[in-house]
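# Summary of the model geometry
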Amino acid sequence: MYIQRRREKHTKKRKKYLVRKVRELVRLLAVVVVIPFDGGVNHILKKFSKISKMEQNNKMVNQEAFSRKRIKVESEQVKKLRKENREKELTQLMYFNLSGKANLVGLSTTDLNDLVCIIDKNLEEINKWIDIIAAKNNSTNSTTQMVVAAKVEASTTNENFNDEDVKVNVVNDNNTKN
């Protein structure tokens, strides 16, 4: 008898706690929750039956339509993740190639074209940083900045160049400014 009363008391406490937590969630999320042992089912059914048939049909969710919507959302998320993974993979390949740990021989034209896009994107970001640094440090040596900018420009156009050509162009640019 004692054990039975203790179980009942414990069950009532758990029920009270769960109901309180559900009500907090209802308040926070602004959703309708039916608690079967709380008389909530009858209340919801009465409220639903008072709504016109047209509104009832609008508020009902067809399982098939719901599933299609979820599949569409998840498919878009998968596409996005695949694209992000592809970019990360190509960026890693680019850095490995720059460090000499990877070789680009054997890559398909699609892979190479995608790699070129990633490289161009990174070069654009580098150019932006160069502009920001140049704007912040107006008093720094302009020749150094021009050499860096010339190297980045030459590499974006995929031309073969050497440092001597760049230095000559920079010197000529400096002479024309003075």
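Residues numbered from 1 in each chain as written. Predicted model: local features only at pLDDT ≥ 70, side-chain atom pairs only at ≥ 80, totals over all residues. Heavy atoms only, no water.

Glancing now at the overall build of the protein chain. Summing up its helical and strand segments, the protein chain has seven helices and zero strands in all. In the protein chain, the order of α-helices and β-strands from amino to carboxyl end is α-α-α-α-α-α-α. Across the 178 residues in the protein chain, those meeting the buried criterion constitute 10%. Here the contacts in the protein chain between residues at least 6 apart in sequence split such that 37% fall between residues at least 24 apart. (Helix = DSSP H or I, 4+ residues; strand = E, 2+ residues; numbered from the N terminus. Buried < 20%, exposed > 50% of the residue type's maximum accessible area, 1.4 Å probe, protein only. Contact = heavy atoms within 4.5 Å.)

Taken as a whole, the protein chain shows an average pLDDT of 76; of its residues, 69% reach a score of 70 or greater. The spread of mean pLDDT over the elements of the protein chain runs between helix α7 (residues 163-177), the lowest at 41, and helix α4 (residues 63-98), the highest at 92. Confidence over residues 158-178 falls short of pLDDT 50; this stretch has 16 contacts with residues more than four positions distant or in other chains. (pLDDT = per-residue confidence, 0-100.)

This part covers helix α5 (residues 109-136). Helix length check: α5 (28 residues) gives 40 Å between terminal C-alpha atoms against 40 Å at 1.5 Å per residue, within 8%. Taken as a whole, α5 has its buried residues at L115, I118, N122, L123 and I130. (Expected span 1.5 Å × (residues − 1).)

Grouped together as the largest cluster of nonpolar side chains are five residues: L90, L93, M94, L115 and I118. Looking at this core, the elements with two or more residues in it are α4 and α5. Per element, the largest residue contribution to this core is three residues, and it comes from α4. For L93, the residues in contact, after removing those within four places along its chain, are A102, L104, L107 and L115. (Core = buried A, V, L, I, M, F, W, Y, C linked by side-chain atoms within 4.5 Å.)

Once that is clear, we can look at helix α1 (residues 2-29). End to end, α1 covers 40 Å across 28 residues, agreeing with the expected 40 Å (1.5 Å per residue, within 8%). In the stretch just after α1, A30 is the one whose phi turns positive, near 55 degrees.

Relative to the helices and strands, L93 resides in helix α4. Linking L93 and N103, residues ten residues apart in sequence, is a C-alpha distance of 8.7 Å.

The interhelical angle for the contact between α4 and α5, taken along N-to-C directions, is 80 degrees, at an axis separation of 9 Å. If you check the angle between α4 and α5, you find them roughly perpendicular. Along the contact surface, α4 presents R86, E87, L90, T91, L93 and M94, while α5 presents T110, D111, D114, L115, I118, I119, K121 and N122. (Axes fitted to C-alpha atoms, helices over the stretch in contact; angles between N-to-C directions. Parallel < 35°, antiparallel > 145°, perpendicular 65-115°, else oblique.)

On to a nonpolar patch on the surface, then. A surface patch of nonpolar side chains, amounting to about 400 Å² of accessible area, comprises L25, L28, L29 and V31. As for its placement among the helices and strands, L25 is situated in helix α1. The class of L25 is partly exposed, set by a relative accessible area of 46%. (Patch = residues over 30% accessible without salt bridge, like charges linked within 9 Å, V, L, I, M, F, W, Y side chains within 5 Å. Areas by Shrake-Rupley, 256 points an atom, 1.4 Å probe, with all protein chains shown as cover. Salt bridge = Lys/Arg side-chain N within 4 Å of Asp/Glu carboxyl O.)

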